Amino acid sequence: MMTPGTEQALAEAVRAAHAAREPLAIEGAGSKRAMLRPVQAARTLSTRGLTGITLYKPAELVISARAGTPVAEIEAALAEQGQQIIAEPPDLSALLGAGGATLGGVVATNLSGPRRIAWGSMRDHVLGIRAVKGDGEIFRSGGRVLKNVTGLDLCKLLAGSHGTLGVLTEITFKVLPAAEATGTLALAVPDLGAGVRALSAGLGSPFGVSGAALLPMGMAAMGLPGPVALLRIEDFSESVTYRTGRLREVLAPFGEISLFDGQAARSLWRGVRDATFLDAAPEDAVWRLSVAPSAAPAVCAALPGAKLLLDWGGGLIWVAGEASEAMHQAVVAAAGTGSFTLFRAPDALRHAVAVLPPEPPALAAISTRVKALLDPAGILNPGRMGR
Amino acid sequence: MIRLPAPKPEVLARRPEILAGLARLVPADALITEELRLRPYETDGLSAYRQMPMAVVLPRTTAEVAAVLRFCHQQGVRVIPRGAGTSLSGGALPLADAVVIGLMRMNRILEMNFEDRFAVVEAGVTNIGITQAVAGEGFFYAPDPSSQLACMIGGNVMMNSGGAHCLKYGVTANNLLGVKFVTIEGEIFEVGGTHLDGAGYDWLGLITGSEGQLGMVTEVTVRILRGPEGARAMLAAFSSIPVAGQAVDAIIGSGIIPVALEFMDRPCIHACEAFAHAGYPLDAEAMLIIEVEGSEAEQDALLARIRDICARFDPISMKVAESAEQSLAIWKGRKGAFGAVGRISPDYLCMDGTIPTGELPRVLGRITEMSEEYGLKVANVFHAGDGNLHPLIMFDANDPESFRKAEAFGADILKLCVEVGGCLTGEHGVGVEKRDLMHVQFTADELALQRSIKSAFDPDWLLNPAKVFPLLGETVLAGAA
């Protein structure tokens, strides 16, 4: 494994691999190696040697850090100033069996947590990047200001490209103040349909719901054995009191309501964020679907026996089930016009199936040309996204 | 005067055949070829530059857009996509050998879904039209560029438009779920859908803000949001620009996320007050308009917090709106700022750089010095929360020297924005206006990379040429107004 300590050294390593037509597995801490398709490469290039916050201006709501900086380190620095990463990226160590996620990793995989539904994704808040193309050339896109439409936005393209279009070396992103208080309403709902309707009612209310999840298996430990809808308010204390009260009125028709706040509320949302509520068995494969929320009950009904966890008002569906091609095809069919990711599975399945939805043919042709521009020899994470 | 690519002689020579070919693709009323009716399309919101196109096509369907693009691609004809023509950067400026494809007739709202909180609209629906359509259910479409009465969502997507409320709600890119995209070859496909964050490359993010360089968008799926219970504004006036800047920092540092945080300097305050009689303090050097959202009680609490913060900076005056009407009065001057400046100067250039907010005092100080050096007045109004400046440079378009100086002054401001860590354009786009400054912000290699990505979509460079990228190859001078 190569762990260069400078962007220049990393660029040199990529340039050499490009010249030798030698594929590289690109990663940060490697905490998401279990996602998508295994990379076929003899050598790994990690950004974990590129660490440190390079700029932090709390009053400007902007922070920059090298790609290998652990997310935990950034969260700690922000917390000191009462701020937070807006998109609430998950810690998937329980699900994927490896921790220490880096900033570059969460941006390259565009993984966002519950707050995404109200405040945007990891990708939405990336203001600027530095990255190394597949031929070793360093480039920048965006900048360090909150509004910028100068030139083509390659930040968006790189965010979520799983290291296949370039190696992120430094990322600048927008942050926001962390809310003073948080309150969560838990509704015991009769079924998933009612649960999603409750979440939609909450998200369609004027009270600023910042998290809207659905636990099909409930929370038995808290005396809620059936499906439970969770809705979160984050704000100043007096607003949390007011808004949870008003939200209670909106949600009353949907089921019995209990209120969680403080540490209890925070740990509930960590369980949603990190998908630990999915309760996947070690041998299960795991999928992550994104659909229109109102489609979610039918998606879930099409996957009998699967374990499920819903977030983003029902639009984000975590699925755990048998690690088989038949189950994969069922998940893909259930996702319909939505999107899917094979999140975790035995290598054989990861090699056998499409781990992401295909692009329409005309777009795939453009995609191939853009990939060739950014990675002419095809050495960056080959196969990772299924091609 | 602006340099444009030299018209292709072989295209000009085949004008009759090309027009006949277009006539076979769209109904007769959708093709404009006579000079008098082409005239309205010779310019856009940057009216200093004008160029008559060869023809204008006004399709009503995606299939017609695709057919016209396919034909133009086969014929090697350049294409200028156009929405409402409100671009302040010349994004829709035609070329003499180009066909303008205007999407204003594609103005239907196709679907409104309040349970899943999205709307599907055609590209020619106005920005305000979306909000008007969903307002009955208490919803709105968040990005609100000041041209929102006229500008169209297709243009908003292409320019990644912002507005006064971006600090909380983000820009266009943060409020989209999908688009229907047509390539220069006439291929149609969907990007995104009605779900969030599809897996795979984010083509939607690349297309957004691409200024018509990659293809055309005919339908847009936008997120719609439930509006707050209410909103109210206050104003706070300060004796100096640096002090107002410190107040902005303190407000943001307090944990409050105002829904809008606008800044005006003395010349702008005076222009707006004379125009709108909004009750602005004429003795102030800088004024903030701060808007918060929530219930009446929440608004009171937040405005009280902000008032306490501002009080620490020895304000000349503060005025908290007691009602929605008073709030509108506070906004009235700001919303009319461009018109107000237009009243005191025959012409003005509206710049659009963004700076790190901490650089505000330094940058505004330097702009004041430059104003004296150039002998041109400038009024500053901008979105303080996100550092997006809008210096309005006043000049006289009847005096070529005055226009030349105004352009040079504007370029100097934008270079300064880049020098302090900002960018050339925060929301208006590069267009033709800032094209030749791109090298100030990007290296030659970075520009080459962006160019090559355009080429991956548009190998013959037929889509909206002369915009965004510095020109290569033979050029001609096009007429100024």
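Criteria and thresholds
- Residues numbered from 1 in each chain as written.
- Chains lettered and ligands numbered in written order.
- Predicted model: local features only at pLDDT ≥ 70, side-chain atom pairs only at ≥ 80, totals over all residues.
- Heavy atoms only, no water.
- Domains from an automatic or database assignment.
- Contact = heavy atoms within 4.5 Å.
- Buried area = accessible area lost by both parts, 1.4 Å probe.
- Salt bridge = Lys/Arg side-chain N within 4 Å of Asp/Glu carboxyl O.
- Polar contact = N/O pair within 3.5 Å; in protein donor to acceptor, adjacent residues only side chain to side chain.
- Helix = DSSP H or I, 4+ residues; strand = E, 2+ residues; numbered from the N terminus.
- Nonpolar A, V, L, I, M, F, W, Y, C, P; charged D, E, K, R; others polar.
- Pairing = 2+ DSSP bridges.
- Buried < 20%, exposed > 50% of the residue type's maximum accessible area, 1.4 Å probe, protein only.
- Disulfide = S-S within 2.5 Å.
- pLDDT = per-residue confidence, 0-100.
- Core = buried A, V, L, I, M, F, W, Y, C linked by side-chain atoms within 4.5 Å.

The subject of this paragraph is the domain arrangement of chain B. Residues and elements named next belong to chain B. Per the domain assignment, the segments making up chain B are domain 1 (3-105 + 449-477), domain 2 (109-226), domain 3 (231-275 + 286-332) and domain 4 (345-430). Computed over C-alpha atoms, the centres of domain 1 and domain 2 are 23 Å apart. Contacts between the two partners involve 28 residues from domain 1, matched on the other side by 27 residues from domain 2. Summed over both partners, the interface of domain 1 with domain 2 buries about 2300 Å², with 71% contributed by carbon and sulfur atoms. For the domain 1 face of the interface with domain 2, the top three residues by lost area are T62, L103 and F457, together amounting to 28%. Applying the counting criterion to the domain 1 and domain 2 interface returns zero salt bridges. Across the domain 1-domain 2 interface, the total number found is five residue pairs in polar contact (both at pLDDT 80 or more). Elements that contribute at least two residues to the side of domain 1 that touches domain 2 include exactly helix 4 (62-75), strand 4 (78-82) and helix 17 (444-457). For the side of domain 1 that touches domain 2, the element with the highest residue contribution is helix 4, accounting for six residues. Grouping the amino acids of the side of domain 1 that touches domain 2 by side-chain chemistry returns 16 nonpolar, seven polar and five charged.

The subject of this paragraph is the interface of chain B and chain A. On the chain A side, the residues contacting the 86 residues of chain B number 76 residues. Carbon and sulfur atoms supply 59% of the area that chain B and chain A bury against each other, a total of about 6600 Å² over both sides. Ranking the residues of chain B by area buried against chain A places D197, Y201 and W203 of chain B at the top, with a combined share of 12%. On inspection of chain B and its partner chain A, the count reaches eight salt bridges. The closest approach of N and O atoms between E229 of chain B and R246 of chain A, which form a salt bridge, is 3.2 Å. The tally of links between chain B and chain A comes to 28 residue pairs in polar contact (both at pLDDT 80 or more). At the level of elements, helix 7 (166-169), strand 10 (188-192), helix 8 (203-207), helix 9 (241-253), helix 11 (296-311), helix 16 (438-441) and helix 17 of chain B are the ones that each hand at least two residues to the side of chain B that touches chain A. Ranked by the residues each element gives to the side of chain B that touches chain A, the list is headed by helix 17 of chain B, at nine residues. Class assignment for the residues of the side of chain B that touches chain A results in 32 nonpolar, 33 polar and 21 charged.

Moving residue by residue along a regular strand, the side chains alternate between the two faces of the sheet. Examined bridge by bridge, strand 6 (residues 109-113) of chain B and strand 7 (residues 118-122) of chain B share four bridges and lie antiparallel to one another. Pairing of I109 of chain B across the sheet is with V121 of chain B, part of strand 7 of chain B.

So, on to the side chain of R78 of chain B. All names here are of chain B. Tracing the backbone through its elements, the reader meets R78 in strand 4. Within the local environment of R78, its side chain forms a polar contact with the backbone oxygen of A6, the two atoms lying 3.2 Å apart. Among the polar contacts listed, one links the side chain of R78 to the side chain of D97, at a separation of 2.9 Å.

Next up on the list: the sheet that holds strand 4 of chain B. Spatially, 2-3-5-4 (chain B) is the arrangement adopted by the four strands of the open sheet, whose pairing is mixed. The two strands at the open ends of the sheet, each matched to only one other strand, are strand 2 (31-32) and strand 4 of chain B.

Another aspect to go through is the environment of D347 of chain A. Residue and element names in this part refer to chain A. Residue placement: D347 occurs in helix 12 (residues 347-352). Here D347 falls in the partly exposed class, since its relative accessible area comes to 44%. Taking the C-alpha atoms as reference, D347 lies 9.5 Å from L36; in sequence the two are 311 residues apart. A polar contact is formed between the side chain of D347 and the side chain of R350, at a distance of 2.9 Å.

The subject of this paragraph is the state of the cysteines. Residue and element names in this part refer to chain B. Under the counting rule described, the total for this entry stands at zero disulfides over all chains. Here C166 stays unpaired: no disulfide links it, and the sulfur of C151, its closest cysteine neighbor, is 12 Å away. Residue classification places C166 among the buried positions, given a relative accessible area of 6%.

So, about the confidence of the model for chain B. Per-residue pLDDT for chain B has a mean of 95; in total, 99% of the residues score no lower than 70. In the model output, the complex is listed with pTM 0.97 alongside ipTM 0.97.

So, about the nonpolar core. With 228 residues, the main nonpolar core has L230, I317, W318 and V319 of chain A together with W203 and F263 of chain B as its most contacted residues. Among the elements that line this core, the one with the most residues is helix 15 (residues 400-419) of chain B, at nine residues. Once residues lying within four places of it in the same chain are set aside, the contact partners of F263 of chain B are I241, A244, A286, M287, L288, L360, L364, N380, V381, F382 and A384 of chain B. Formed by 28 residues, the second largest nonpolar core is a distinct cluster that contains V11, I18, V77 and A123 of chain B.

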